[in-house]
Structures are given as structure tokens and as C-alpha cells.
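This is what each chain is made of:
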Amino acid sequence: MYRTHNCGELRLEHAGQEVTLSGWVQISRDFGGLKFIDLRDRYGITQLVFDTEDNPTLGHEARKLGREFVVQVSGKVRERTSKNPNRDTGDIEIEVTDLKILNASKVPPFTIEDDTDGGDDLRMKYRYLDLRRTPIQENIIFRSKVGIETRKYLADEGFLEIETPCLIKSTPEGARDFVVPSRMNPGQFYALPQSPQTFKQILMVAGMDKYFQIVKCFRDEDLRADRQPEFTQIDCEMAFVTREDILNTFEGLTKHLFKAALDVSLPDFPRMSYDEALQRYGSDKPDLRFGMEFVELNDVAKGKGFPVFDAAELVVGICAEGQAGEYSNKDIKNLTEWMQRPQIGAKGLVYVKFEADGSIKSSVGKFYSEEELQSWGEKFGAKKGDMLLILSGETEKTRKQLNELRLEMGRRMGLMTPGVFKPLWVLDFPLLEWDEDSERFHAMHHPFTAPKLEDVAKMMDGDHETMKSLRADAYDLVINGSEIGGGSIRIHDRALQEKNFKLLGFTEEQAEYQFGFLMGAFEYGAPPHGGIAFGFDRLCAIMSGQQSIRDFIAFPKNNQGKDMMIEAPSLIDEGQLKELNIKLTV
Ligand code: ASP
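Keep in mind the model is a prediction, meaning the values are calculated, not measured.

Visitor: Before we go on, may I ask you to explain the nonpolar core in this structure?
Guide: In globular proteins that are soluble, nonpolar side chains generally tend to be buried together. Core analysis: the largest hydrophobic core is formed by 73 residues, its most contacted members being Val146, Leu154, Phe250, Trp425 and Phe534. The leading source of residues in this core is helix α6 (residues 243–262), at 7 residues. Those residues within four positions of tryptophan 425 in sequence are excluded, and the remaining contacts are Leu247, Phe250, Glu251, Phe269, Pro270, Arg271, Met272, Tyr475, Asp476, Leu477 and Ile532. Ile318, Tyr327, Ile344 and Leu349 belong to the second-largest nonpolar core, a separate cluster that totals 23 residues.

Set out below in C-alpha cells:
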């Protein structure tokens, strides 16, 4: 038997018992005639003591132990003289009588501690060592728990877990596909799924009714921070449902996961339309942990002789509570420069400070009287000590810029409180987005999303301009400013689907070649259906109050899309290439 207990479970009540533990040597210290070792496994750390004076043979063996050696020890549990209140096992130690070295270890290339000295690439190369570190281990254990609770909840709700294929057909819509050459069909390629979207819809046509899958998705995008080329979704679809049924089911799932994994009871999720979210927060995924809502000033700020505002489509600002005294002229200048960086691209930044002494200071004081500035303050509900930050320009751009400023102020003012969770449904997205550059429509969600019922007739018969105003039965679940999930009610009618492809710039042949199977299925009794997919990696990160999804994935890829441990991607040999009928040009 390798162990009677794990390294996290012994307590004072076990004192006097003979036990056997196995684990890794975290650290060892010599102390007079005693040697102390911290023994670690995924359950915790237990202190071992070797009496090297009384038992020189054992002492000799113990002295061979280096960091990360794997050992098995037997001995008696005893109460510690100096206890460690920070550790669950901190009241006891093991007086070791037998030691067996199960495996030696080279000196690890970085410290296996909560804060490691290893850089990213080194940690990825030796991911098995990195995964031994408690914070990462906790993340992976947490993820497992959330996955298991997802299965439990959805199974209880009558969902079937059904696998869909990984080798599918390439469709250029959406992100770039990863492709896989087919040996048996020379010159032809499979694609890895960006999501199981069409398959889950086909499952509804097939009568499966409630489907879910915790599934890998693949997107060959340029990797922005915190994107992974392969990531995991909780992918779901239901038949005979309205939007309301879906929101309720998945609000239920989300509440269950927070309760089961974090013991957090979430209140009912507020709902907001896409238009309202943009108007109030400049973003379709607002962080609701803090206010600083947008207040529009067109009616009071335009037409008073300040040319910048007069020329602007929108004058809009936020009120940073208590910040008037915190921002010197130099700080304002720095903040303005931060806003003017190309990533944000604001032209300028106007401030109005309501000083603690009752005076008002503003960068546009020349153009507006004190009463006027006071009336702006009233619109924001500003008090003494508050500071307004105001932007102006073209509506969409200005809102985007102010969203960045709101988030930055939220960060600076410490308003993104960890452990606070503010979920929100964003609803009624536009169906189509007009892209000026390519002069075509893009699907805001994806090409299978249905317009709202009341917009169907408009979509079938309307003119070009009408198409811009179509609303979709699409929804996003947002938590703390991150999009956690998104989905829609789907088109289940061939004619409407054909029309949508046409609007998206597909020729009839292209639509048939790529999605003929789906439109064909719609002709055989497709039920009304809809669904949603959660970004599982991100959900786990957000629930844990962390930014990066990478440490919730056991084997992630780096920013160049590489797996540093197995060194993928890699070259393949000539024979393999030949078999696949591939000639390299690089
Ligand atoms: N398949 C969609 C996605 O990957 C989600 C959905 O519409 O259910 O975003």
C-alpha cells in the first residue's frame, strides 16, 4: 500500500496513529539532529520529521532527498510543538520511521511554489512541474468541478450529452479554419470545428430535443491576449423553445454552478437590450460591478460656442466620484494622453471638477458659465469632490472610447471588486452588421441566427436599408464585463435561411455547397429551436476572479500558438507528406 492517508488530511485527532504517506519533497530543513521535510500531494502538505541522531541510517537516507523526489514514508502522527495555523495539517507532524525513495528528481528549473520564479515559456515547457504548483492545481481542480456540476445540472434537466465530429467541412464564414489533409481523398481537406453549431441544429431536426456537450472548438485566429486556438465550450441546443425558455434554463445552470462551486447565490440576472447597453455603457458587455453610467450632454453642451462640441454628433461623459481632488492638471494631461493613444484614439478629454470648496474648474470654463457647468453636474448627480470626464465626436466611436475610459477609471478607483459577480443578459442584437470596407453584411452572431419574429416579413421583402434595422433573437450572458456565453433562436425554415445567406453575400451555389445539408434538413420537419454556448475556460477564470484563461487549461498554447512541451506544431517527414499528396513551398 502506497498510502493510508493523503498529505492534506491528518489532524490532531490522528495523533498516535501509524500512517503511511506518499508524495513529493517540497522543501527540507536541517535543525540540529532533526531533519524536517514538507511532503506535498494535490491534497496538501504534511510536515515530516526525521530524528537523524537517534536513527543514523534513516538520517543518511533522508539526507539524499532533494526537491521533487517522490517518497513513501511511514511513521507516527504527533502533535507539533510549534503549530502552523496557515496549514490544514499544521497541528501535526509525522515522526518518520521508514523512508522509501520511489523516484529521484533532477533539480527543477523553477521553484514549485505559489509564486514561482519561472518565466512563461519555461513553465509551459515543464508544464508537469508547473501543474504541481498549488494555484494552478486549484484552477484545474476547480475546472473539473464546474464541468462535473454542469453535467449534473443539465442531465437533471433532461439534456443528452452527444458527441459531434472533429473532422468536418471547412466553411470560410467566421474565423479561419484549421484544416486536416485527407489521405484517402487526395487534395481534399477536413476542417476542425469552430463550434458544433450545424451539428447541434441537425440533432434538433433529428428529435434529440435537448443536447449538450463540453466540447473543444478550434479557431485559427491571430492570437490576441488570452485567446487560445483550441478552447472549450459548454455547447447546448433545445427544440420547441422560445428565447425565454433558453434564458431561464441557462440562468438556472449559471446559478447552480456558482452555488455548487463557490457557494455564491446569484440574484436573478438583469436584462438589457443591446442598444441600451451601448447607450448607458458604450459596450455590449458592460461591467456592472460599478456605476459611472454615461450621461449625454447634447442638449446642454451644444450651441454655446464651443466649436468641438458644436461639431460633434454626441457629447457624453461619466462622473468619477470623489476624484476631483485626486487629479492634478498633470494627471489630467496624462489621462488625456492615455485616451489619445492609437488603441483608443480620442481627440481630447474635457473635465469638469466640482471641488470640495464648492468651486468649479473645467477645461471648457471659457465657453460655459458656472451655472451651465452646475447644470451638467446635476444631470450626473455629481457632488462636491466629483469629476466629470467628457468626450465628443461621432456616436459609435465616442461611446467606445468612453467605455475604455470608464473601465480604466473603474480599475484605478478599485471598483472591480474581486468576489463580486454581476451577471447580465444582453438581448436584441442587430441581426446584420454592414461592413463599409468589404461592402457587405456580416452576421452579428452567426448566419443561422433568426431575426425576431416581428422582423421576418421585413427581412424577406425589405430594401437594403431595412436590413440594417433587423433585430435578432440573440442573447449574450455577460459577467463582470466578460462575455461568458452567447446564443440565439435559429432559423428553421429553408427560405429564410436562403435569404440570410444571400444577404451575407453567398451565391446560391456557395450556400448550397457549404450548407446544403442543413437547408436540406430544414425541409424534413425541422422544429423551432435555439441554443447557447458558454466559453468554459473563461467561465472558470471569471468565477475564480482571474484574468487569464491559460491557467485553467491543463496544456495551453503560447502566444504563437505553440505547445512548448511537446513542441507542436512541427515538421512532418517526407513520407508523410507524400502520402498526403502535399508539396511544401516553404
Ligand atoms: N455556436 C455559437 C458560438 O460558438 C453559439 C451558439 O449560437 O449556440 O458562438
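Now that the structure has been shown, the text picks up again.
Visitor: Just to check I follow, could you spell out the environment of asparagine 6 for this structure?
Guide: Topologically, asparagine 6 is positioned in the segment before β1 (18–31). Residue asparagine 6 is classed as buried on the basis of its relative accessible area of 15%. Spatially, the C-alpha atom of asparagine 6 lies 48 Å from that of alanine 206, the residues being 200 residues apart in sequence. Residues in contact with asparagine 6, not counting those within four places in the same chain, are Leu21, Asp41 and Tyr43.

Visitor: What exactly am I supposed to notice about a nonpolar patch on the surface here?
Guide: On the surface, Tyr128, Phe555, Met565 and Ile566 cluster together to form a nonpolar patch covering roughly 410 Å² of accessible area. Within the secondary structure layout, methionine 565 lies in the loop between α17 (536–543) and α18 (574–579). Overall, methionine 565 belongs to the partly exposed group, its relative accessible area being 30%.

Visitor: Help me out: how do you make sense of the site of the ligand in this one?
Guide: In the region of the ligand, 13 residues are neighbours, and Gln197, Lys200, His445, His446 and Arg490 sit closest. A distance of 3.1 Å separates a nitrogen atom of the ligand from a polar side-chain atom of serine 195. The contact in question runs from an oxygen atom of the ligand to an N or O atom on the side chain of glutamine 233, over 3.0 Å. With the chains in place, 88% of the 270 Å² that the ligand exposes on its own is no longer accessible. Elements supplying a minimum of two residues to the shell around the ligand: α5 (197–205), β21 (482–489) and β22 (529–535). The element that contributes the greatest number of residues to the shell around the ligand is β22, accounting for 3 residues. In terms of residue class, the shell around the ligand is made up of 2 nonpolar, 8 polar and 3 charged.

Visitor: Which parts of the structure should I look at to understand the pairing of strand β4 (residues 70–79)?
Guide: As paired strands, β1 and β4 are joined by 7 bridges and run antiparallel to one another. The residue bridging leucine 21 from the neighbouring strand is valine 73, located in β4. Note: β4 against strand β5 (residues 92–103), 10 bridges, orientation antiparallel. Of the residues in β5, the one forming a bridge with valine 73 is leucine 99.

Visitor: Would you take a moment to explain the layout of surface pockets for this structure?
Guide: Space left empty within the atom packing is revealed by a probe, the size of a water molecule, rolled over the atoms. Estimates place the volume of the second largest pocket at around 460 Å³. Those elements giving two or more residues to the lining of the second largest pocket turn out to be β2 (34–41), β3 (44–51) and α4 (134–156). A per-element tally of the lining of the second largest pocket places α4 first, with 5 residues. In terms of residue class, the lining of the second largest pocket is made up of 6 nonpolar, 7 polar and 10 charged.

Visitor: Is there a simple way to think about the packing of aromatic side chains in this case?
Guide: Two numbers describe a pair of aromatic rings. These are the distance of the centres and the angle of the planes. Evaluated as defined, the whole model comprises 20 aromatic pairs. Their ring planes at 80° and their centres at 6.2 Å tell us that tyrosine 126 and tyrosine 128 sit as a pair that is edge-to-face. Within the aromatic cluster, the residues linked to one another by ring pairs are Phe306, Phe309, Phe367, Tyr368 and Trp376. It is lysine 125 that lies over the ring of tyrosine 126; its NZ or CZ is 5.6 Å from the centre. The ring of tyrosine 513 carries lysine 169 above its face, with NZ or CZ at 4.3 Å from the centroid.

Visitor: Is there a simple way to explain the packing of helix α10 (residues 329–340) against helix α12 (residues 395–412) in this structure?
Guide: The geometry of a pair of packed helices is captured by two quantities: the angle between their axes and the separation between those axes. Contact pair α10 / α12: the axes reach a minimum separation of 11 Å and the direction vectors enclose 135°. Relative to α12, the element α10 lies oblique. Considering how the two elements wind past one another, α10 and α12 form a crossing that is right-handed. Contact with α10, carried on its side by Leu335, Trp338 and Met339, involves Gln401, Glu404, Leu405, Glu408, Met409 and Arg412 of α12 and no other residues of that element. Of the residues belonging to the contact of α10 with α12, the class tally is 5 nonpolar, 1 polar and 3 charged.

Visitor: I'm lost on the pairing of β5 in this one. Help?
Guide: Taken together, the 2 bridges between β3 and β5 define a ladder with parallel strand orientation. Residue pairing across strands places valine 49 opposite glutamate 95, the latter belonging to β5.

Visitor: What exactly am I supposed to notice about the environment of glutamate 296 here?
Guide: Mapped onto the fold, glutamate 296 is located in strand β12 (residues 295–296). What makes glutamate 296 partly exposed here is its relative accessible area of 26%. As for glutamate 296 and methionine 467, which are separated by 171 residues in sequence, their C-alpha atoms are 28 Å apart. Every residue in contact with glutamate 296, bar those within four places of it in the chain, is listed here: Gln279, Leu314, Val315, Val316, Lys379 and Arg399. A polar side-chain atom of glutamate 296 sits 3.4 Å from a polar atom in the side chain of glutamine 279. Of note is the side chain of glutamate 296, whose polar atom sits 3.2 Å from the side chain of arginine 399.

Visitor: What is the right way to read unusual backbone geometry from this model?
Guide: Following alanine 568, the chain continues into proline 569 via a peptide bond in cis, with omega recorded as 0°. At glutamate 567, a residue that is not glycine, the phi angle is positive and equals roughly 55°. Residue placement: glutamate 567 occurs in the loop between α17 and α18. Residue classification places glutamate 567 among the exposed positions, given a relative accessible area of 56%.

Visitor: Just to check I follow, could you spell out α6 for this structure?
Guide: The end-to-end C-alpha distance of α6 is 28 Å, a good match for the 28 Å that 20 residues give at a rise of 1.5 Å each. The complete set of buried residues in α6 reads Arg243, Ile246, Leu247, Thr249, Phe250, Glu251, Gly252, Leu253, Thr254, Leu257, Phe258 and Ala261. Aspartate 263 occupies a position one or two residues after α6 and carries a positive phi of about 60°.

Visitor: Got a minute to help me understand the pattern of salt bridges in this structure?
Guide: Oppositely charged side chains can form a pair if their charged atoms are brought close together. Applying the stated rule across the entire model yields 52 salt bridges. Among the salt bridges present, the one from arginine 399 reaches glutamate 296, with a minimum N-O distance of 3.2 Å. Here the residue arginine 399 occupies a position in helix α12, and glutamate 296 occupies one in strand β12, the gap between them amounting to 103 residues. Here the salt bridges do not stand alone but share partners, grouping Asp120, Arg123, Arg127, Asp130, Arg133, Arg550 and Asp551 into one network.

Rules used in this analysis
Residues numbered from 1 in each chain as written. Predicted model: local features only at pLDDT ≥ 70, side-chain atom pairs only at ≥ 80, totals over all residues. Heavy atoms only, no water. Core = buried A, V, L, I, M, F, W, Y, C linked by side-chain atoms within 4.5 Å. Buried < 20%, exposed > 50% of the residue type's maximum accessible area, 1.4 Å probe, protein only. Helix = DSSP H or I, 4+ residues; strand = E, 2+ residues; numbered from the N terminus. Contact = heavy atoms within 4.5 Å. Patch = residues over 30% accessible without salt bridge, like charges linked within 9 Å, V, L, I, M, F, W, Y side chains within 5 Å. Areas by Shrake-Rupley, 256 points an atom, 1.4 Å probe, with all protein chains shown as cover. Salt bridge = Lys/Arg side-chain N within 4 Å of Asp/Glu carboxyl O. Near = heavy atom within 4 Å. Polar contact = N/O pair within 3.5 Å; in protein donor to acceptor, adjacent residues only side chain to side chain. Nonpolar A, V, L, I, M, F, W, Y, C, P; charged D, E, K, R; others polar. Pairing = 2+ DSSP bridges. 1 Å grid on protein atoms, 1.4 Å probe; cavity = no way out; pocket = protein on both sides within 12 Å on 5 of 7 lines; lining within 4 Å. Points joined across faces, edges and corners; volume = space filled by probe spheres on them. Phe/Tyr/Trp six-rings, centres within 6.5 Å; stacked < 30°, edge-to-face > 60°. Lys NZ or Arg CZ within 6 Å of the ring centre and 35° of its normal. Axes fitted to C-alpha atoms, helices over the stretch in contact; angles between N-to-C directions. Parallel < 35°, antiparallel > 145°, perpendicular 65-115°, else oblique. Left-handed = near helix turned anticlockwise from the far one by under 90°. Expected span 1.5 Å × (residues − 1).

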